[in-house]
Amino acid sequence: MQRVKTKVQGVRYREHPSRKHGVQPDRYYFIRYRVDGKEREEGLGWASEGWTVAKAADVLAELKRNARTGEGEKTLAEKRAKAEAERQAELDRQRREQEEQEAARKESVPLSVIFRDYYIPFARDNKNSRSCDTEEHLFKNWIEPVIGMKPLKDISAFDCERIKKRMRTAGRADRTIEYVLAVLRQIFSYAKRFKIFMGENPLLTVTKPKYDNRKQRFLTPEETTLLMETLKAKNRQLYLMAMISLHCGLRAGEIFSLTWGDIDFEKGLLMLRDTKNSETRFAFMTESLKQELLTLTPGKPSELVFKDRSGKKITSISATWDRIVNGLGLNDGVEDRRLKFTFHGLRHSFASNLVKIGVDLYRVQKLLGHQTPKMTLRYAHLGQDDLKEAICQMEAAMNSKSKQAEVVPIDRAG
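Scoring rules and cut-offs
Residues numbered from 1 in each chain as written. Predicted model: local features only at pLDDT ≥ 70, side-chain atom pairs only at ≥ 80, totals over all residues. Heavy atoms only, no water. Helix = DSSP H or I, 4+ residues; strand = E, 2+ residues; numbered from the N terminus. Rg over C-alpha atoms; globule rule 2.2 N^0.38 Å. Contact = heavy atoms within 4.5 Å. Areas by Shrake-Rupley, 256 points an atom, 1.4 Å probe, with all protein chains shown as cover. Lys, Arg positive; Asp, Glu negative; His and termini not counted. Charge placed at Lys NZ, Arg CZ, Asp CG, Glu CD. Pairing = 2+ DSSP bridges. Buried < 20%, exposed > 50% of the residue type's maximum accessible area, 1.4 Å probe, protein only. Phe/Tyr/Trp six-rings, centres within 6.5 Å; stacked < 30°, edge-to-face > 60°. Lys NZ or Arg CZ within 6 Å of the ring centre and 35° of its normal. Axes fitted to C-alpha atoms, helices over the stretch in contact; angles between N-to-C directions. Salt bridge = Lys/Arg side-chain N within 4 Å of Asp/Glu carboxyl O. Core = buried A, V, L, I, M, F, W, Y, C linked by side-chain atoms within 4.5 Å.

1. Section: the overall build of the protein chain
A tally of regular secondary structure across the protein chain gives 14 helices and 7 strands. Here the C-alpha radius of gyration of the protein chain, 39 Å, is well above what a compact globule of 414 residues would show, namely 22 Å. Oriented by its inertia axes, the alpha-carbon framework of the protein chain measures out at about 125 × 85 × 55 Å. Counting only contacts in the protein chain whose residues sit at least 6 apart along the sequence, the fraction spanning at least 24 positions is 56%. In the structure as shown, the protein chain presents an accessible area of about 25600 Å², 51% of it carried by carbon and sulfur atoms. With 77 positive and 58 negative side-chain charges, the protein chain shows a separation of 4 Å between the mean positions of the two kinds.

Below, the structure is given as structure tokens:
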């Protein structure tokens, strides 16, 4: 559309074909000027937005003065870019200020509120319900009475030590104390992640209780036979789950999650998805386990292999297990809970059987799904008979060479 000159040199406008501003057509103003030897035209805006010939003239004069002095913006585009940068900087400043004010407000909120309104809802979306129930129980009984009303910013390592002392005085096990400290540590980690708390986690300087909570109970061959025969006679589903753990080393939770699509009978594989270590791994079926599973009526690929009485996913080993184990006397006279035989003991028996026949710990680690060798090292002592045999073989070889060295050759010369 044609530009119309005004009385001010370099200021022009065009009229809107229909829109009015007052009694006259709305006008859009432009400025035209030379910068760095080149002619340039830039639009300013409509009269209905407040632009006039006088305002356009002021902008044009400012740009020309900047070009002449070498200070400030020489073009309208530069001027607008600077204004936008300043506007964005101001918005960023206001946002940071709001975030700091919100963080300060949240840091003043008592720990109990943070746990109830923020942490636990998040945990229930990302953990299994039993873990969350346990955390709520531990928080209510041990953390809340001591520091529940304190804001996160006021909780110190000394407060955590007070919780430890209170639990020890009450006779709680080191493992329980460690669990409570872990819950508190996770609350602080969550708060830092979501900018509810900006300080240092006080648990970083708190010493964890040292204890050996590892289960040490393995079944003898005779005990294994007795247990499996009894399970098979009394509860076939429990028997099959026990057989999977004993023959493949699966955790109970991994067995509960098995679907028919996870079983590859042709290759003899079980696919374990979303395991304790958040990894997918494969387990190898023994032929006897494979034949037992083939007796079941398969379901759809997404259908669970084992279900509870209501057809839903099993969440814990049934009480039948304890009745059978106790009935067989497998835990008679055992006071140390590390030596009591549980369903998880089948997984330990799987590992111990591998080590006893000479399978190296690296392969045992991979079959168990341990991320590091540390957990697998508990089975190292089971291979000590093989190590002792190796020393005996070395000694025999050394003695043999020693006897050979004592033989004096007969000189047949002459």
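On we go.
2. Thoughts on the sheet that holds strand E7 (residues 281-284)
Reading across the sheet, the 3 strands line up as E5-E6-E7 and stay open at both edges, with antiparallel pairing between neighbours. Each edge of the open sheet carries a strand with a single partner, namely strand E5 (263-264) and E7. Pairing analysis gives 2 bridges linking E5 to strand E6 (residues 269-272), with the strands arranged antiparallel. Bridge assignment links aspartate 264 to a residue of E6, and that residue is leucine 269.

3. Here we look at the environment of cysteine 160
Mapped onto the secondary structure, cysteine 160 falls in helix H5 (residues 157-169). Its relative accessible area of 0% is what places cysteine 160 among the buried residues. For the pair cysteine 160 and glutamate 279, spaced 119 residues apart in sequence, the C-alpha separation works out to 33 Å. In this view, cysteine 160 contacts Leu181, Leu184, Leu203 and Val206; residues no more than four positions away in its chain are not counted.

4. With respect to the packing of aromatic side chains
On inspection of all chains with the given rule, the structure shows 12 aromatic pairs. When the ring of tyrosine 28 is compared with that of phenylalanine 30, the centres are 5.0 Å apart and the planes differ by 65 degrees; the resulting orientation is edge-to-face. An aromatic cluster is defined as three or more aromatic residues linked by ring pairs; in this entry it consists of Phe115, Tyr119, Phe122, Phe139, Tyr190 and Phe194. Between arginine 27 and the ring centre of tyrosine 13, over which it is positioned, the NZ or CZ distance is 4.2 Å. Seen from the ring of tryptophan 51, lysine 55 lies directly overhead, with NZ or CZ sitting 4.9 Å from the centre.

5. What to know about the sheet that holds strand E1 (residues 4-5)
Note: strands within a sheet are paired through backbone hydrogen bonds, in either parallel or antiparallel orientation. With respect to topology, 4 strands assemble into an open sheet ordered E1-E2-E3-E4, the strand pairing being antiparallel. Since the sheet does not close on itself, it has two edges, and those belong to E1 and strand E4 (38-46), each with one partner. Sheet topology note: the strand E2 (residues 11-21)/strand E3 (residues 24-35) ladder contains 7 bridges and is antiparallel. What sits directly across from arginine 14, in E3, is tyrosine 28. Sitting on the sheet, helix H1 (residues 53-69) is in contact with E2, E3 and E4, with an inclination near 10 degrees to E3. Sheet strands touched by helix H2 (residues 76-107): E3 and E4. Its angle to E4, the strand with the most contacts, is close to 50 degrees.

6. With respect to the pattern of salt bridges
The full count for this structure, using the stated rule, is 30 salt bridges. Its salt-bridge partner being aspartate 26, residue arginine 19 comes within 3.0 Å of it at the nearest N-O pair. Looking at arginine 19, the relative accessible area reads 35%, which means it is partly exposed. The network of salt bridges with shared partners includes Arg3, Arg32, Glu39 and Glu41.

7. Remarks on the nonpolar core
In terms of nonpolar packing, the biggest core is built from 35 residues, with Leu227, Leu231, Ile244, Leu250, Leu270, Trp321 and Leu346 touching the most fellow members. If one sorts the elements of this core by residue count, helix H8 (residues 236-248) sits on top with 9 residues. Excluding its chain neighbours within four sequence positions, the residues that come into contact with leucine 227 are Leu219, Trp321, Ile324, Val325, Leu328, Leu330, Phe341 and Leu346. By size, the runner-up hydrophobic cluster in this structure holds 32 residues, among which are Ile120, Leu181, Tyr190 and Leu203.

8. Some remarks on the environment of glycine 171
Relative to the elements of secondary structure, glycine 171 occurs in the loop between H5 and helix H6 (174-193). The exposure class of glycine 171 is exposed, given its relative accessible area of 56%. Residues glycine 171 and isoleucine 143 lie 28 residues apart in sequence; the distance between their C-alpha atoms is 16 Å.

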